[in-house]
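Spelled out from the first residue to the last, the chains are:
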Amino acid sequence: MAEYRIALIPGDGIGPEVTGEACAVLDAVGRRHGHAFRTLPVLAGGAAIDATGAPLPDETLETCRECDAVLLGAVGGWKWDTLPGHLRPERALLGLRSGLGLYANLRPATLHPALAAACPLRADIAAQGIDVVFVRELTGGMYFGDRGRREGKFGLEGFDTEAYGVGEVERIARVGFELARGRRKKLTSVDKANVLESSRVWREVVVRVAAEYPDVALDHMYVDNASMQLIRRPSDFDVVVTTNMFGDILSDEAGQITGSIGMLPSASLGDPGKPGMYEPVHGSAPDIAGKDLANPLATILSVAMMLRLSLKLPKEADEVERAVTAVLASGARTADIRQPGDGNAPLGTKAMGRRVVEALGA
Ligand code: NAD
């Protein structure tokens, strides 16, 4: 029996509720296929602050490093909002990203046919389908560049710097090309090369890496145009690779056109062979925590990404995604994805998780 070790960070708010259902799905996959998924619960975020005084205890990072993958619910909440920045729960996320070397953030934006009515775009555009994966560079660019305050022409000014090195662009470009290779073989690189020097280097490197992937069609788009095309003709996109800041903004736009935040999974990856981290895009939702109201599907779909990308179990990943699609097609809805006129009463977190396990036939 193959054994896989997964560091489990339930976190705060709805985190424990949604990871609870995701683990039930993982167990069901294990039963069906004879895999042993060993989850090792560890603390991070507010829960870790309460227990140890620090948002990311050393043992948590050590356990994560020793596992095949990390599954995270969400961190943060009102209780810890007044703590100084370095002691805030969200600090744990930065510590995990840098501690595990997670430089590639993958965010799929998929419009499930059963949820087409939740898409805010025109019906004829939504009908063409949306199935895009954003590959956002996660550890470089403006969010990590030189910054500060200085005296300028208009008085005190603040500045931030965007810088990208060749090696940094090469590795994220390869993640994009590899992903596109396993999908519809189309990669769009988004930059602002008409204005920014860092974008010109970005584009040169992406073009060079493209020579290694002759089977993948590459195109380039300026970020302003990309933000328009995403709502004009989203079905044209397959995989999008872009910088930290552009990816932050565009992936949120793409997430919104596919419906609720409760449906969006994500993966953060480092070098091959190192553990990746999988988490829903949403936060800890303190407003609905502990009420059995949270949609667990984003976390369940994050487990599907974990099966495919870190545990190399693509068949099992497909099964989980198909089970979610079947559950939605059957009309099952949590409150966040319910549309006016939907007949059935909304399901709670646990009931939705149970439906997915039943659809898996386990
Ligand atoms: P949020 O994503 O937690 O909630 C935004 C809104 O979406 C809320 O109305 C919430 O009820 C709803 N929502 C979120 N997830 C849902 C789900 N699965 N099902 C149904 N409804 C859902 O964002 P926020 O309110 O800005 O942040 C709350 C806390 O989460 C803050 O402390 C923030 O720092 C933290 N946060 C953590 C992460 C993370 O851990 N990766 C990400 C974002 C925010």
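Going by the structure above, here's the rest.
Residues numbered from 1 in each chain as written. Predicted model: local features only at pLDDT ≥ 70, side-chain atom pairs only at ≥ 80, totals over all residues. Heavy atoms only, no water.

Caption draft 1: Layout of the layout of surface pockets. As a volume, the largest pocket reaches approximately 1,100 Å³. Forming the walls of the largest pocket are 38 residues, and the residues nearest its centre are Leu-106, Leu-179, Met-305, Arg-308 and Leu-309. Residue assignment for the lining of the largest pocket shows that the elements contributing at least two residues are β4 (104–110), β5 (131–137), α6 (166–181), β11 (265–269), α10 (297–309) and α11 (314–329). As for the second largest pocket, its lining consists of 26 residues, of which Arg-97, Arg-107, Pro-280, Val-281 and His-282 are closest to the centre. Put simply, the parts of the chain that give the lining of the second largest pocket at least two residues each are β3 (69–74), α4 (91–99), β4, α9 (244–257), β11 and β12 (276–280). Ranked by residue count, the leading element in the lining of the second largest pocket is α9, at five residues. Three or more residues apiece are contributed to the lining of the second largest pocket by two domains, here domain 1 (1–105 + 262–362) and domain 2 (120–257). (1 Å grid on protein atoms, 1.4 Å probe; cavity = no way out; pocket = protein on both sides within 12 Å on 5 of 7 lines; lining within 4 Å. Points joined across faces, edges and corners; volume = space filled by probe spheres on them. Helix = DSSP H or I, 4+ residues; strand = E, 2+ residues; numbered from the N terminus. Domains from an automatic or database assignment.)

Caption draft 2: Representation of the site of the ligand within the structure. Surrounding the ligand, one finds 20 residues, the nearest of these being Val-75, Glu-90, Gly-283, Ala-285 and Asn-295. Separating an oxygen atom of the ligand from a backbone N or O atom of Val-75 is a distance of 2.9 Å. At a separation of 3.2 Å, a nitrogen atom of the ligand approaches a polar side-chain atom of Glu-279. In the complex, 68% of the free accessible area of the ligand, which totals 810 Å², lies under the protein chains. Of the residues contributing to the shell around the ligand, the split by class is nine nonpolar, seven polar and four charged. (Near = heavy atom within 4 Å. Polar contact = N/O pair within 3.5 Å; in protein donor to acceptor, adjacent residues only side chain to side chain. Areas by Shrake-Rupley, 256 points an atom, 1.4 Å probe, with all protein chains shown as cover. Nonpolar A, V, L, I, M, F, W, Y, C, P; charged D, E, K, R; others polar.)

Caption draft 3: Spotlight on the packing of α6 against helix α7 (residues 197–210). Two elements in contact, α6 and α7, have axes separated by 9 Å at closest approach and are oriented at 50°. When the interaxial angle is binned, α6 and α7 end up oblique. As α6 packs across α7, the resulting crossing turns out to be right-handed. Of the residues in α7, those touching α6 at Val-166, Val-169, Glu-170, Ile-172, Ala-173, Arg-174 and Phe-177 are Trp-202, Val-205, Val-206, Arg-208, Val-209 and Ala-210. Each residue belonging to the contact of α6 with α7 can be placed in one class, and the counts come to ten nonpolar, no polar and three charged. (Axes fitted to C-alpha atoms, helices over the stretch in contact; angles between N-to-C directions. Parallel < 35°, antiparallel > 145°, perpendicular 65-115°, else oblique. Left-handed = near helix turned anticlockwise from the far one by under 90°. Contact = heavy atoms within 4.5 Å.)

Caption draft 4: Molecular detail of the nonpolar core. Ranked by size, the top nonpolar core spans 63 residues in total, and within it Phe-37, Leu-106, Phe-177, Leu-307 and Leu-311 carry the most contacts. It is α10 that contributes the most residues to this core, eight residues altogether. Two domains each donate at least three residues to this core, and these are domain 1 (1–105 + 262–362) and domain 2 (120–257). Discounting chain neighbours no more than four positions away, the residues touching Phe-177 are Leu-187, Val-206, Val-209, Ala-210, Tyr-213, Val-216 and Leu-218. Cys-119, Ala-126, Val-132 and Ile-257 belong to the second-largest nonpolar core, a separate cluster that totals 20 residues. (Core = buried A, V, L, I, M, F, W, Y, C linked by side-chain atoms within 4.5 Å. Buried < 20%, exposed > 50% of the residue type's maximum accessible area, 1.4 Å probe, protein only.)

Caption draft 5: Quick peek at α10. The end-to-end C-alpha distance of α10 is 18 Å, a good match for the 18 Å that 13 residues give at a rise of 1.5 Å each. In terms of burial, α10 is largely enclosed, as eleven of its 13 residues are buried. By the burial criterion, the buried members of α10 are Leu-297, Ala-298, Thr-299, Ile-300, Leu-301, Ser-302, Val-303, Ala-304, Met-305, Met-306 and Leu-307. (Expected span 1.5 Å × (residues − 1).)

Caption draft 6: Structural view of empty space enclosed by the protein. The tally for this structure, following the rule as stated, stands at one cavity of 30 Å³ or more. Size it by volume and the largest cavity reaches roughly 40 Å³. Lining the largest cavity, in full, are Arg-107, Pro-108, Ala-109, Phe-134, Ser-251, Gly-255, Leu-264 and Val-281. Secondary structure elements with two or more residues in the lining of the largest cavity: β4 and α9. Of the residues forming the lining of the largest cavity, the biggest block, three residues, is contributed by β4. Counted by class, the lining of the largest cavity contains five nonpolar, two polar and one charged residues.

Caption draft 7: Summary view of the pattern of salt bridges. Throughout the structure, instances matching the rule amount to 21 salt bridges. Between Glu-157 and Arg-150 there is a salt bridge, with its nearest N and O atoms 2.7 Å apart. On the accessibility criterion, Glu-157 (29% relative accessible area) is partly exposed. Looking at Arg-150, the relative accessible area reads 42%, which means it is partly exposed. Salt bridges linked by common partners bring Asp-131, Arg-183, Arg-184 and Asp-238 together as one network. (Salt bridge = Lys/Arg side-chain N within 4 Å of Asp/Glu carboxyl O.)

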